[in-house]
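Read off the chains here:
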Amino acid sequence: MSTTADPVAQGVNSPVVDVVAKTTTTVANAIAKTVAVISSTVSTSSTTGATSTIPTSSSSTPTTSTTFAYTPTPSPIQSTSPSLEDGAEKLSVKDLSQALQHFGIVDYLVFIAMLAVCAVIGFYFGFIEKKQKKQKLAGKDGGGAAGVEERRGSEALDYLVGGRQMKVFPVALSLVASFVSGISLLGTSTEIYVYGTQYAFILVTLAISGAISWYIFLPVFCNLQLTSTYEYFERRFDRRVRVFGSCLFVVMNILWQPICIYVPALTLNQVSGISVSKIVPLTSFICILYTSLGGIKGVVWTDVIQGTVMIGSMLIVIIKGTLDLGGLSVLLDHNRQYDRLVGPDMTFDPTARMGVFALFVGGALFKLQANGINQTVVQRYLTLPNNKDVKKALVLSLIGFMFVMLMCVYIGMLAFAEFYHCDPITTGLARAKDQVIPLYVVKNVGHIPGLVGLFVAGVFSAALSSLSTALNSLSGVILTDFVEPFRKKPLSERQTAYLLRGVVISFGLISMASVPIVQRLGLVMQLSSTVAAITCGPLLGAFSVGMLLPFVKTESLLTGISCASSFTAYIVVRAQIAIFTGSLTFPAKPVSIEDCDYTFDLPENWNATITATPSESTSHGIHEISFLWYTAVGSVGTVLGSLLATLYFGRQDPRVVDKELISPVLRKFWYGKYESVASEEKNNFNLHESETQLKLE
């Protein structure tokens, strides 16, 4: 391990701050010009584009735009005549929606400044820091043969794992920022608003999944020092399994990244009126820019900035929202009145959306695949120099993630306490369910210059952090799993640099082009969970088989993971089709529109949507199970399928498997008195940098 002073390794004394300071004037000029252009765009779009986004669910029948009243207690059909008298003096939902779209100059300045800082960080690590390192190496060896050898592979090492010299705190904060994507930030709060606090209990599973990750999966990954986690499959099984696992990872990212881009665009659309189709290209370009230029160092340090902005914006919204509401007691009263303070459903029914077993069993496996075997997460841990730092980063990131998720839950409760008397989803003021939280922010802090911009910057920070991490990990997987194994001659440094950046740009553009598809699907949090389950569930099962069951052969695993992936994909795709067509619905909590101070068209299906109990059905399809079970189906199905396949393919002697490929918790169980391949325990993870040798005795 090198002890040479590294700009990133020194933590708080990083030259990033100096570079940002030097470019302040340039960025300020660019911001001023950009704001002028955007302001002119908004002024025109607010008068021409706003009407196209208003819901038209009730346009098929003539209705009078008026204030309708509803109470959660069943009652006779209510008269609307009193509301008609007041309707002339009230704003329509269309006018109010336009009035709330006041994303001012200061908000734009805050938002653009965040994007500019991210771009500057990517530029620094892509050019300035890289140039400084080259000069240092040239001065060290004079550019001779030794220098060429030292630099061999340094491009991929720096770009993907930061030279394994990162510090604990920035990596931990980067993990938090990546865990809490825009999907989590808005999706969790919207989940609480629509369905109550049931989902909050999934936080209990974080500690369980963290402990399992540390004792079972992370020791193996860190010991082998893998750039791609799917290299493990080739060492434990063969290249077929490695390619299969890598393909699942690529497919998962192609499906998930458009959701990640769509969420923050939805937020900015709600507060500014700018269409999603215009927002997505701009923000995606910034993310692609700093990810392709700066590599993992740029990603981690932008995550630090973005994580700080995200947490700060949420704290401001929470503090001001609680004070304006009248305190915590008022918040709890409003949520309790409309049945939002609820725990998991105490039922064995697998179709219960938030059943107790779905939350604690299915939720634990879902979180385990997210922070235990996911390439994007493991790659962050591998930027650290030793196992002691890995453990610190894991603990800090889990604590930070729980803290941020609790804030998301609280913001969801705040939003409902604000709109408990007039649900904006029903009235059409929020054009999509996931726009309720941005609407709440605008309504409560929109009059303070810069705060809405800070919140939007926070949402974008969370989303761009997750997107940049995924793009960087994809470049590593493509390089190590699909290019290098099939080349006879190693890539040059220049070829490696072009390939890594080309992958980032290509997948970034694919994700950007796929956003329109996401707009037609359901709640982003549930959609994200279902997409991840198609691939991550079977991958979790495959890693579990590899590290816990050394007697399972390659053929058995391929059979198990193929069947489990196909079955999971069938369930998920059929469920999404059912949701899209309306044949699969979930009972929402009661809402009210009795005290709305604006006029709106009541949806035709209002009586159906407020029903608090699901319609009875004599039979259920397998696709109707809770989305929290999807990961469990994929992972458990892979394990069981592999075990059943051993009845046909037979067992292998566990001793043909290198003991370092097996989780430490089961090494003694499987190998008994046999010595480990690595007979000496080491405190660092500098083992197996090349091939693993099999040992039969």
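Reading guide: rules and limits
- Residues numbered from 1 in each chain as written.
- Predicted model: local features only at pLDDT ≥ 70, side-chain atom pairs only at ≥ 80, totals over all residues.
- Heavy atoms only, no water.
- Helix = DSSP H or I, 4+ residues; strand = E, 2+ residues; numbered from the N terminus.
- Buried < 20%, exposed > 50% of the residue type's maximum accessible area, 1.4 Å probe, protein only.
- Contact = heavy atoms within 4.5 Å.
- Phe/Tyr/Trp six-rings, centres within 6.5 Å; stacked < 30°, edge-to-face > 60°.
- Patch = residues over 30% accessible without salt bridge, like charges linked within 9 Å, V, L, I, M, F, W, Y side chains within 5 Å.
- Areas by Shrake-Rupley, 256 points an atom, 1.4 Å probe, with all protein chains shown as cover.
- Salt bridge = Lys/Arg side-chain N within 4 Å of Asp/Glu carboxyl O.
- Axes fitted to C-alpha atoms, helices over the stretch in contact; angles between N-to-C directions.
- Parallel < 35°, antiparallel > 145°, perpendicular 65-115°, else oblique.
- Left-handed = near helix turned anticlockwise from the far one by under 90°.
- Disulfide = S-S within 2.5 Å.
- Nonpolar A, V, L, I, M, F, W, Y, C, P; charged D, E, K, R; others polar.
- Expected span 1.5 Å × (residues − 1).

Draft legend 1. Quick peek at the overall build of the chain. If you tally the helices and strands in the chain, you get 27 helices and two strands. Per-residue burial over the chain gives 57% buried out of 697 residues. For the chain, restricting intrachain contacts to residue pairs at least 6 apart in sequence, the fraction spanning at least 24 positions comes to 86%.

Draft legend 2. A look at the packing of aromatic side chains. All told, the structure shown has 16 aromatic pairs when counted by the stated rule. Relative to F543, the ring of Y232 has its centre 5.9 Å away and its plane inclined at 40°; by these criteria the two rings are tilted. Here the residue Y232 occupies a position in helix α11 (residues 231-236), and F543 occupies one in helix α23 (residues 524-548), the gap between them amounting to 311 residues. The same class applies to Y232 as to F543, namely buried.

Draft legend 3. Quick look at the environment of I448. With respect to the helices and strands, I448 occurs in the loop between α19 (436-445) and α20 (451-483). Along the primary structure I448 and V106 are separated by 342 residues, whereas in three dimensions their C-alpha atoms are 9.6 Å apart.

Draft legend 4. Fine view of the environment of L467. The residue L467 is located in helix α20 in this model. Along the primary structure L467 and C287 are separated by 180 residues, whereas in three dimensions their C-alpha atoms are 7.5 Å apart. Apart from the residues within four sequence positions on either side, L467 is in contact with Q257, C260, I261 and C287.

Draft legend 5. Expanded view of the environment of L328. Looking at where L328 falls in the secondary structure, it is placed in helix α14 (residues 328-337). What makes L328 partly exposed here is its relative accessible area of 46%. As for L328 and L414, which are separated by 86 residues in sequence, their C-alpha atoms are 9.4 Å apart. Setting aside residues no more than four positions away along its own chain, L328 makes contact with T322 and Y410.

Draft legend 6. Examining unusual backbone geometry more closely. Its identity as a non-glycine residue notwithstanding, D339 has a phi of 60°, on the positive side. Residue position: D339 is located in the loop between α14 and α15 (356-373).

Draft legend 7. Region of the structure containing a nonpolar patch on the surface. There is a patch of nonpolar side chains on the surface, built from F201, V204, I208, F348, F357, F360 and V361 and spanning about 650 Å² of accessible area. Contributions of two or more residues to the nonpolar patch are made by α10 (204-224) and α15. Ranked by residue count, the leading element in the nonpolar patch is α15, at three residues. Considering the arrangement of structural elements, one finds V204 in helix α10.

Draft legend 8. Quick look at the packing of helix α17 (residues 387-419) against α19. Contact geometry for α17 and α19: axes closest at 10 Å, N-to-C directions at 65°. In terms of axis orientation, α17 runs roughly perpendicular to α19. Handedness of the α17/α19 crossing: left-handed. Residues I411, G412, L414, A415, E418 and F419 of α17 form the contact with α19, whose own contacting residues are V436, I437, L439, Y440, K443 and N444.

Draft legend 9. Local environment of the state of the cysteines. If you walk through the whole model with that rule in mind, you get one disulfide. The side chain of C422 participates in a disulfide bridge whose partner is C596; the two sulfur atoms lie 1.9 Å from each other. Taking the torsion about the sulfur-sulfur bond, which here is approximately 105°, the covalent link between C422 and C596 counts as right-handed. Residue C422 is located in the loop between α17 and α18 (424-427), and its partner C596 is located in the loop between α24 (554-581) and β2 (598-599); the two are separated by 174 residues in the primary sequence. Across this residue pair, the class does not change: C422 and C596 are buried.

Draft legend 10. Fine view of the packing of α20 against helix α21 (residues 493-513). In the contact formed by α20 and α21, the axes pass within 9 Å of each other and the chain directions differ by 125°. By the criterion of interaxial angle, the relationship of α20 to α21 is oblique. Relative to α21, the crossing made by α20 is right-handed. Listed contacts from α21 to L471, L474, S475, G476, I478, L479 and V483 of α20 are T496, L499, L500, V503, V504, F507 and G508. The class makeup of the residues in the contact of α20 with α21 is ten nonpolar, four polar and no charged.

Draft legend 11. Up close: α20. Helix length check: α20 (33 residues) gives 46 Å between terminal C-alpha atoms against 48 Å at 1.5 Å per residue, within 8%. Burial analysis of α20 places 31 of its 33 residues in the buried class, the great majority of the element.

Draft legend 12. Focus on the side chain of S626. One can find S626 in the loop between α25 (606-609) and α26 (630-649). Relative accessible area serves as the criterion here: at 1%, S626 is assigned to the buried category. Every residue in contact with S626, bar those within four places of it in the chain, is listed here: P350, T351, A352, R353 and A358.

Draft legend 13. Fine view of the side chain of Q435. Relative to the elements of secondary structure, Q435 occurs in the loop between α18 and α19. The buried category is assigned to Q435, whose relative accessible area is 1%. Ignoring anything within four residues of it in the chain, the contact list for Q435 reads L266, N269, Q270 and A430.

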